[in-house]
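Chains, contacts and geometry: an overview
The primary structure of each chain is shown beneath.
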Amino acid sequence: MDLELRIRALESSKDALSLLDNRKLISKIDFDNLNKLHTDFWTDSLKLINTVSTTHKNKNNASNISNSKALVAFSGGVDSTISAVLAKKLFKTDLITVYSPIIINNERKQEISNLAEKLGLPHTFVDVDLSEIKENTIKKKYHPCGKCHTAIENTALTYALNNGYDYVIYGDMLSTGSLSIHYLKNGIIRLNMPSFLALEKNDSRKLLKHEKINIVQSYGCNLLKIANKNKNMQKFTIQRILREVRAQVITKEEGLKNIKDILS
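What comes next concerns the included structure. (Residues numbered from 1 in each chain as written. Predicted model: local features only at pLDDT ≥ 70, side-chain atom pairs only at ≥ 80, totals over all residues. Heavy atoms only, no water.)

1. Concerning the sheet that holds strand E2 (residues 92-99)
- What the six strands build is an open sheet, ordered E3-E2-E1-E4-E6-E5; its pairing is mixed. Among the strands making up the open sheet, the edge pair consists of strand E3 (123-127) and strand E5 (181-183). Between one strand and the next, the sheet's axes are offset by a mean angle of 25 degrees, whatever the strand orientation.
- For E2 and E3, the ladder comprises five bridges, and the chain directions are parallel. Bridge assignment links Val-98 to a residue of E3, and that residue is Val-126.
- Packing against the sheet, helix H7 (residues 145-162) makes contact with strand E1 (69-73), E2, E3, strand E4 (167-170) and strand E6 (189-192), and its axis sits at approximately 140 degrees to E2. (Pairing = 2+ DSSP bridges. Helix = DSSP H or I, 4+ residues; strand = E, 2+ residues; numbered from the N terminus. Axes fitted to C-alpha atoms, helices over the stretch in contact; angles between N-to-C directions. Contact = heavy atoms within 4.5 Å.)

Structure, rendered in structure tokens:
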């Protein structure tokens, strides 16, 4: 990521955190921990600190973790996994995977369970009905990603509300600045961890490597693959990939690979 772009993103997310503090919408310990994570995560040259584990060793022990409850929307991909790794250093953290056989097959479901176990965090599958979205995708009424994303987020948020969580955490890389951390009207703080820290996908992979986690996935879920059989829908998928390239959260090389994946 361009240095100036990363600086602007970090300054903006720091301002968003400070706004929560100024409005008394965040506890002191959570503000201090998130502020420290934000400040310590990058060196003054904005090169990635050697490991997250080293950075926080003996700093975020049990006495420093707040009593706030955080729920991480956990797909088992790179972005949600690094979000979980960082969240558990700050909060009492649980994982939720919003499940539908339309987007997660049995093999993938088991992989997600195994990864959650490796992270040592409580994990729950919660069902969501995506049958209407699948039907309308097959009928070529719309590209599924937006509606699917909304359905999954709403399911996770409803679960968080019904179970007394203080934070709902997503692995969104594009919701930078004020969108990376903000207070929802229902009393929950939404935190997009990679955006909050201006992480690129490769930054997250590097950090996970230090946690002995290596995630290799092809681009897109089974529902997206159904959509991409329609050439008119392929262009919308490509536009989504190019958004990430333009934001510099994935490299041009990865963007090209993802485009080739959907065209193959």
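After presenting the structure, the write-up continues.
2. Side note on the nonpolar core
- With 66 residues, the main nonpolar core has Leu-34, Phe-91, Ile-169, Ile-181 and Met-193 as its most contacted residues.
- With six residues, the top contributor of residues to this core is helix H4 (residues 78-87).
- For Leu-34, the residues in contact, after removing those within four places along its chain, are Leu-17, Ile-26, Leu-90, Phe-91, Tyr-167, Ile-181, Leu-191 and Phe-196.
- One finds Ile-241, Val-245, Val-249 and Ile-250 within the second-largest nonpolar core, a separate group that totals six residues. (Core = buried A, V, L, I, M, F, W, Y, C linked by side-chain atoms within 4.5 Å. Buried < 20%, exposed > 50% of the residue type's maximum accessible area, 1.4 Å probe, protein only.)

3. Re the layout of surface pockets
- The space that makes up the largest pocket amounts to roughly 1,900 Å³.
- In this structure, the largest pocket is lined by 49 residues; those nearest its centre are Ser-75, Asp-79, Gln-217, Gly-220 and Cys-221.
- For the lining of the largest pocket, the elements supplying multiple residues, two or more each, are H4, E2, helix H5 (106-119), H7, helix H9 (201-210), helix H10 (222-227), helix H11 (231-246) and helix H12 (252-263).
- Per element, the largest residue contribution to the lining of the largest pocket is five residues, and it comes from H7.
- Partitioned by chemical class, the residues of the lining of the largest pocket number 23 nonpolar, twelve polar and 14 charged. (1 Å grid on protein atoms, 1.4 Å probe; cavity = no way out; pocket = protein on both sides within 12 Å on 5 of 7 lines; lining within 4 Å. Points joined across faces, edges and corners; volume = space filled by probe spheres on them. Nonpolar A, V, L, I, M, F, W, Y, C, P; charged D, E, K, R; others polar.)

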